[in-house]
Amino acid sequence: MFPDTSPFPRQLATVGASRRGPYGGCIVRTTRNIVAAGTTFLALTVLAACGDDPETDPEPEPTSTATEDGDAAPSGKTLRSALLRIDDIPAALGTDFESARQAETTGGDDVTDGAPECVDYLDGDYGGEESDRYDYEFRDEVAVTAVYTSIKYFEDGDGDEELPAIRDIFDVCDRFEVTPGDQPIEVTAELIDFADLPGFEDLGDDGLRLQFTLSENGVPTRAMYYHFIEIDGIVAQAGGQIAAGEDASPFLDVVTTAEQKLQDLVDEVR
């Protein structure tokens, strides 16, 4: 999705029910996967810092909920343990990160050119329906970068549908145009399996990188990287956005850390 108030590229999760609770809106539980995009960082004014990176839950919550099969679903606190923290971000991406709140977004209606599958992805209409999701974003206004992290849990055991569905969409959707405001933004999409990505080959049971390159008037401006990792039916995502043409190699460290956190989560709940 794309912010109504600014063309800053970021991943947003606002379609589902917001979970404000102890984090004041920084962590969001939603029922869909949404992507935001744009080209300018400093123009965004609706984002507000959420303070220090949360490490603990100040309020108690239930330890588990029962699924239809009778198994105990992991608690929100347990799922959040798989999210990245500011200390997990390599210095090569920036050293002045702060937590960021979500902005208002628009939807697939903003797609003015592109295959219907592009709209389906932006509207979150694909894959399995997750029962629990948590998202977090960090931004560095000095380095003009952002880092995304999310965890998705599927009570019905259909988490293994997520990555194949993304592959199917981007077999068709390789480019699209969105107009969230007055300026059209051209987006090209590239999908790479971890098996074909040096350094990523052994991460997760299944994994892929989705890269968006954003352009205005034919000039590339920003690049957004989404890395989807699936282990035993639980899906994590880690990535971020940098200026177009900048070195994306630091995201290997980001994804490696996210994969280890996901494996620790799976070891705890399975």
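Residues numbered from 1 in each chain as written. Predicted model: local features only at pLDDT ≥ 70, side-chain atom pairs only at ≥ 80, totals over all residues. Heavy atoms only, no water.

On to the pairing of strand β13 (residues 234-243). Among the ten residues of β13, nine are classified as buried, and the element is accordingly described as predominantly covered. Sheet analysis places strand β8 (residues 145-153) next to β13, joined by seven bridges and oriented antiparallel. Among the inter-strand pairings, K152 is bridged to a residue of β13, identified as V235. The sheet contact formed by strand β12 (residues 219-231) and β13 spans ten bridges and is antiparallel. Directly across from H227, in β13, lies its bridge partner A238. Between β12 and the antiparallel strand that follows it, β13, lie two residues; D232 among them carries a positive phi value of about 50 degrees. (Buried < 20%, exposed > 50% of the residue type's maximum accessible area, 1.4 Å probe, protein only. Helix = DSSP H or I, 4+ residues; strand = E, 2+ residues; numbered from the N terminus. Pairing = 2+ DSSP bridges.)

Okay, the pattern of salt bridges next. Considering all chains together, one arrives at eight salt bridges under this definition. Of the charged contacts in the structure, one is a salt bridge between E162 and K152, with a shortest N-O distance of 2.4 Å. Residue E162 is located in helix α3 (residues 162-172), and its partner K152 is located in strand β8; the two are separated by ten residues in the primary sequence. Note on E162: relative accessible area 0%, which makes it buried. Each of R167, D193 and D206 takes part in a single network of salt bridges with overlapping partners. (Salt bridge = Lys/Arg side-chain N within 4 Å of Asp/Glu carboxyl O.)

Across all of its chains, the model carries ten aromatic pairs by this definition. Aromatic pair Y136 and F138: ring centres 4.7 Å apart, planes at 45 degrees, arrangement tilted. Taken as a pair, Y136 and F138 share a single burial class, namely buried. Both rings, one in Y225 and one in F251, keep their centres 5.3 Å apart while their planes meet at 40 degrees; by these two values the pair is tilted. (Phe/Tyr/Trp six-rings, centres within 6.5 Å; stacked < 30°, edge-to-face > 60°.)

What follows concerns the sheet that holds β12. In spatial order, the strands read β4-β7-β8-β13-β12-β11-β10-β9-β6; together these nine strands make up an open sheet with antiparallel pairing. Edge positions in the open sheet fall to β4 (98-99) and β6 (111-114), since each of these has one partner strand only. Running at roughly 40 degrees to strand β11 (residues 206-216), α3 makes contact with β8, β10 (185-193), β11, β12 and β13 of the sheet. Set on the sheet, helix α4 (residues 251-269) makes contact with β8, β11, β12 and β13; between it and β13 the angle comes to about 165 degrees. (Contact = heavy atoms within 4.5 Å. Axes fitted to C-alpha atoms, helices over the stretch in contact; angles between N-to-C directions.)

Residue position: S99 is located in strand β4. Along the sequence, S99 and Y136 sit 37 residues apart, while their C-alpha atoms lie 7.7 Å from each other. Reaching out from S99, the side chain makes a polar contact with the side chain of Y136 at a distance of 2.7 Å. (Polar contact = N/O pair within 3.5 Å; in protein donor to acceptor, adjacent residues only side chain to side chain.)

On average, residues of the protein score 77 in pLDDT, and 71% of them reach the 70 mark or higher. Element-level mean pLDDT values for the protein span from 32 in strand β1 (residues 2-3) up to 97 in α4. Confidence drops under a pLDDT of 50 for residues 1-70, and excluding neighbours within four residues, the segment shows 235 contacts in the predicted structure. (pLDDT = per-residue confidence, 0-100.)

Counting 35 residues, the largest nonpolar core has L93, I151 and L262 as its most contacted members. Counting residues per element, this core draws most heavily on α4, which supplies seven residues. Non-local contacts of L93, meaning those with residues more than four positions away in its chain, are made with A143, T145, V147, I242, P250, F251 and V254. Counting residues in each nonpolar core, the second largest holds 28 residues, with A146, F154, L163 and A165 among its members. (Core = buried A, V, L, I, M, F, W, Y, C linked by side-chain atoms within 4.5 Å.)

Turning our eyes to something else, we now look at the environment of D160. Locating D160 in the fold gives a position in the loop between β8 and α3. Expressed as a C-alpha distance, the spacing of D160 and D206, which sit 46 residues apart in the sequence, is 8.7 Å.

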